[in-house]
Amino acid sequence: MKNIAVLLTCFNRREKTLAALHHLYKAHERVAGHIQLFVYLTDDGSTDGTGEAVQKAYPQIKVLQGTGNLFWAGGMRNSWREAKKGTYDAYLLLNDDTNVFPVLFEELLNTHEYCLKTYGKSGIYIGATQDAISGKHTYGGAVLEDRFMFKYRFLPPTGQPQSCEMGNANIMLVTAPVVEEIGILSEGYVHGVADYDYTLKAVKKDLPVLLAAHYCGTCVHDHSNIYDNFAEKNFSQRLALLKNPLGLDLRSNLNLMRRHFPLRVPFVLFSAGLKLLLPKIYVKSLAKR
């Protein structure tokens, strides 16, 4: 594995984006003798000068301009489509708020070697992240425990690679043969769950999805509980939240269910109606789970 394209998208997180790139290049220094990086970043209409700051600090990076409405999934597809114009051995999906550890590439390469030895083919490799202060697990790979209830459990790194079914793309290395087989992130996802869809799609094709042996970086889990004051919102506010890609993003979640858990579609639609029409009952039902 000699040439890796790194894919990012950003919106108004200048300092975090610059920090993510700083840590990326520091990690690359350890393997610069045999791996080349080519970074593609979509700036989706930032007004804080993120794109300009990145271009000034790292002129070798290909900075692409988004429409302002791409969100995470659209921005990553935009970066990936541009990267596919070149020829790479793998594509590293990286969140712009993720600071990778210096051992990142060694971890991913070790996972690749394990994958080839164990499965006889290359796959997708997930790097788990933890909170920089508490050390608590934040993002990574997960296994399904109940397909109908869509219950899944995140795996903590154990010192050796582990097979998983779903993965967060905070740190995700996708090898070229996987892209040849299943393409890039699917259309139909606006912000979240596109990475879940991608790893589930790989599993269906019998392509290995592995969690790296050790933590590969830090990333804060900064998603607040959207249901804390949900019942107090009026109908229009609840409907807007249901549609919002940064809120409940019903469209993307329905697409995920249709493609991978079709028996859940009626349940998801019923749940959406309950959220809209009887929000207090829905929130109380969450408390009982």
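Overview of helix α8 (residues 250–260)
- Those residues of α8 that sit buried are Ser 252, Leu 254, Asn 255, Leu 256, Met 257 and His 260.
- Structurally, α8 contributes buried residues whose contacts are with α6 (194–204) and α9 (265–277).

Section: the packing of aromatic side chains
- All chains considered together, the criterion is met by 12 aromatic pairs.
- Relative to Tyr 91, the ring of Trp 80 lies with its centre 5.8 Å away and its plane at 45°, an arrangement referred to as tilted. Taken together, the residues Trp 80 in helix α3 (residues 71–83) and Tyr 91 in strand β4 (residues 90–94) connect sequence positions 11 residues apart.
- Judged by its relative accessible area of 5%, Tyr 91 is buried.
- Aromatic side chains Phe 150 and Phe 261 sit 5.0 Å apart centroid to centroid with 55° between the ring planes, which places their arrangement in the tilted category. In this pair, Phe 150 sits in the loop between β9 (141–146) and β10 (151–154) while Phe 261 sits in the loop between α8 and α9, placing the two residues 111 residues apart along the sequence.
- Through successive ring pairs, a cluster of aromatic residues spans Phe 38, Tyr 40, Trp 80, Tyr 88, Tyr 91 and Tyr 198.

Structural notes on a nonpolar patch on the surface
- On the surface, Phe 148, Met 149, Leu 263 and Phe 267 cluster together into a nonpolar patch covering about 400 Å² of accessible area.
- With respect to the secondary-structure elements, Leu 263 resides in the loop between α8 and α9.
- Given the relative accessible area of 71%, Leu 263 is considered exposed.

Here's the deal with the side chain of Asp 249
- For Asp 249, the position within the fold is in the loop between α7 (235–243) and α8.
- An unpaired buried charge is present at Asp 249: no salt bridge exists, and Arg 251, the closest side chain of opposite charge, is 6.5 Å distant.
- A distance of 2.8 Å separates a polar atom in the side chain of Asp 249 from a polar atom in the side chain of Ser 252.
- For Asp 249, the residues in contact, after removing those within four places along its chain, are Val 190, His 191, Gly 192, Leu 241, Leu 242, Lys 243 and Asn 244.

What to know about the pattern of salt bridges
- Under the counting rule described, the total for this entry stands at 10 salt bridges.
- A salt bridge links Asp 97 to Arg 13; the nearest nitrogen and oxygen atoms lie 3.6 Å apart. Of this pair, Asp 97 sits in the loop between β4 and β5 (99–100) while Arg 13 sits in the loop between β1 (3–10) and α1 (14–29), and the two are 84 residues apart along the sequence.
- Here Asp 97 falls in the buried class, since its relative accessible area comes to 14%.

Let's talk about unusual backbone geometry
- Phi is positive for Phe 71, close to 55°, though the residue is something other than glycine.
- The topology assignment puts Phe 71 in helix α3.
- Using a relative accessible area of 27% as the deciding quantity, one classes Phe 71 as partly exposed.
- A positive phi is found at Val 193, a non-glycine position, where the angle reads about 60°.
- Along the chain, Val 193 turns up in the loop between α5 (176–182) and α6.

A closer look at the pairing of strand β13 (residues 171–175)
- The element β13 is largely enclosed, with a buried count of 5 among its 5 residues.
- Side chains Ile 171, Leu 173 and Thr 175 of β13 all project onto a buried face; the interleaved residues Met 172 and Val 174 project onto the opposite face, where all are buried too.
- Relative to β13, β4 is paired through 5 bridges, and the arrangement is antiparallel. Looking at the pairing, Leu 92 lines up with Leu 173 of β13.
- Across 3 bridges, strand β6 (residues 124–126) lies against β13 in antiparallel orientation. Looking at the pairing, Ile 126 lines up with Met 172 of β13.

With respect to the packing of α6 against α8
- Where α6 contacts α8, the axes come no closer than 11 Å and their chain directions differ by 5°. Of the possible angle classes, the one that applies to α6 and α8 is roughly parallel. Contacts from Tyr 196, Asp 197, Leu 200, Lys 201 and Lys 204 in α6 reach Leu 256, Arg 259 and His 260 in α8.
- A per-class count over the contact of α6 with α8 returns 3 nonpolar, 1 polar and 4 charged.

Some words on the pairing of strand β3 (residues 62–65)
- In this sheet, β3 lies alongside strand β2 (residues 36–43) in parallel orientation, the contact comprising 4 bridges. Counted as the bridge partner of Leu 41 is Val 63 from β3.
- On the question of chirality, the crossover connecting β2 to the parallel β3 by way of helix α2 (residues 50–57) is right-handed.

What counts, and where the lines are drawn
- Residues numbered from 1 in each chain as written.
- Predicted model: local features only at pLDDT ≥ 70, side-chain atom pairs only at ≥ 80, totals over all residues.
- Heavy atoms only, no water.
- Buried < 20%, exposed > 50% of the residue type's maximum accessible area, 1.4 Å probe, protein only.
- Helix = DSSP H or I, 4+ residues; strand = E, 2+ residues; numbered from the N terminus.
- Contact = heavy atoms within 4.5 Å.
- Phe/Tyr/Trp six-rings, centres within 6.5 Å; stacked < 30°, edge-to-face > 60°.
- Patch = residues over 30% accessible without salt bridge, like charges linked within 9 Å, V, L, I, M, F, W, Y side chains within 5 Å.
- Areas by Shrake-Rupley, 256 points an atom, 1.4 Å probe, with all protein chains shown as cover.
- Salt bridge = Lys/Arg side-chain N within 4 Å of Asp/Glu carboxyl O.
- Lys, Arg positive; Asp, Glu negative; His and termini not counted.
- Polar contact = N/O pair within 3.5 Å; in protein donor to acceptor, adjacent residues only side chain to side chain.
- Pairing = 2+ DSSP bridges.
- Axes fitted to C-alpha atoms, helices over the stretch in contact; angles between N-to-C directions.
- Parallel < 35°, antiparallel > 145°, perpendicular 65-115°, else oblique.
- Nonpolar A, V, L, I, M, F, W, Y, C, P; charged D, E, K, R; others polar.
- Right-handed = clockwise from strand over helix to strand, strands pointing away.

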